[in-house]
Amino acid sequence: MPTGWQQEILIRLQARDVQDKAYAEIVENCKRLAAQTAVLKERNRSLLNAASSSRQNGTGGTATGDNPVQQAYVATLESQVSSLREELSSLYKTQAQNAQRLVHLTEQLHASAERYAQEHSEVIQLRTERASREREREEAIQLRKEKDRNIETLQDELDMLRLEFEMLEKRNEALKEDNSSLLRRWLEKKAQEAAEMDRMVAEAQRKAKTSEKLEGASEQAA
């Protein structure tokens, strides 16, 4: 099925063909009438020459129409006029039919032009809508790429934070071990100091007891 613009071109071509055909028929009829007119003129000239020869020879009739040559001439003219009228009537009829066809095709052309204009407007609207959709699609693609870049950046930052966290965890573990070692050594030192103090206290007490015993013995001896 032809589209709108193809239908419009087809109707235009048909209208042109009808118009050309109408003019061609008129030209052809005019040529035929001209040829018939030439033939009839030649025939009429022959009849006039025959009538003139008849009058010169004294065989012609009166001017009232008794001359058979004149009667034949008049009958021929009437026949020619009747034939020409019929052909002219046929020509007018053909011309009227062609004009009617031309009007019909013109109406079809106008209807097709209106339909084509409407379809063209719809095509423009669809193209505009498609362009809008393309722009939205491009914007969505750019937005998605931007989000992908942001996600990649955040992922890199997250990886860095994880690495720093792992390093801090290791550092905390090392600090814990150092603190445990320091606390153990401090406790050992304090334990040694306490043991030394206990020994010194015990030694002092022992000495004190020994001194008391010596003093008691001296008093008893005195």
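The numbering scheme is per chain: residues are counted from 1 as the chain's sequence reads. Restriction of local features to residues with pLDDT of at least 70 applies here, the model being predicted, together with a cutoff of 80 or more for giving and counting side-chain atom pairs; totals for whole chains, interfaces and linings are based on all residues. Values shown for side chains rest on all heavy atoms present in the structure; no hydrogens or waters enter the calculation.

A. Local environment of the overall build of the protein. Starting at the N terminus, helices and strands are each numbered in turn, a helix being any DSSP run of H or I of at least four residues and a strand any DSSP run of E of at least two. Secondary structure summary: the protein contains two helices and zero strands in total. Relative accessibility thresholds used throughout: buried, under 20% of the residue-type maximum; exposed, over 50%; partly exposed, between the two (1.4 Å probe, protein chains only). Classification of the 222 residues of the protein by burial places 9% in the buried group. Within the protein, contacts between residues at least 6 apart in sequence are counted, and of these 82% link residues at least 24 apart. The method behind every accessible area is Shrake-Rupley, applied with a 1.4 Å probe, and residues are considered shielded solely by the protein chains displayed. Total accessible area on the protein is roughly 18,300 Å²; 56% of this is exposed by carbon and sulfur atoms. Residue contacts are defined here by distance: any two heavy atoms, one from each residue, within 4.5 Å place the two residues in contact.

B. Examining a negative patch on the surface more closely. What makes a patch is a set of residues exposed beyond 30% relative accessible area and free of salt bridges, joined within 9 Å when like-charged and within 5 Å when nonpolar (Val, Leu, Ile, Met, Phe, Trp, Tyr). The rule for a salt bridge is simple: a side-chain nitrogen of Lys or Arg has to be within 4 Å of a carboxyl oxygen of Asp or Glu. Under the convention used here, Asp and Glu are negative, Lys and Arg are positive, and both His and the chain ends fall outside the count. Where a charge lies is defined by one atom per residue type, namely NZ (Lys), CZ (Arg), CG (Asp) and CD (Glu). A surface patch of like charges, here negative, comprises D148, E152, D156, E157 and D159. Counting through the fold element by element, E152 comes out in helix 2 (residues 68–221).

C. Broad picture of the confidence of the model for the protein. Looking at the protein as a whole, its pLDDT mean stands at 77, while 71% of the residues score no less than 70. In this model residues 59–65 is a low-confidence stretch, pLDDT under 50, and it forms eight contacts with partners more than four residues away in sequence or in other chains. The pLDDT score gives, residue by residue, the confidence of the prediction method on a 0 to 100 scale.

D. Representation of a nonpolar patch on the surface within the structure. A cluster of nonpolar side chains, L183, W186 and L187, forms an exposed patch at the surface whose accessible area comes to about 320 Å². Looking at the element boundaries, W186 is found in helix 2. For W186, a relative accessible area of 46% corresponds to the partly exposed category.

E. Examining the pattern of salt bridges more closely. Applying the stated criterion across every chain yields a total of eight salt bridges. For R133, the salt bridge identified is with E129, shortest N-O distance 3.6 Å. Here E129 and R133 lie together in helix 2, a separation of four residues that amounts to about one turn. Assessed through its relative accessible area of 46%, R133 is described here as partly exposed. A salt bridge links R199 to E196, with the nearest nitrogen and oxygen atoms 2.1 Å apart. Of the two residues, R199 and E196 are both situated in helix 2; the distance of three residues between them amounts to about one turn of the helix. Within the structure, one salt-bridge network assembled from shared partners comprises E129, R133 and E136.

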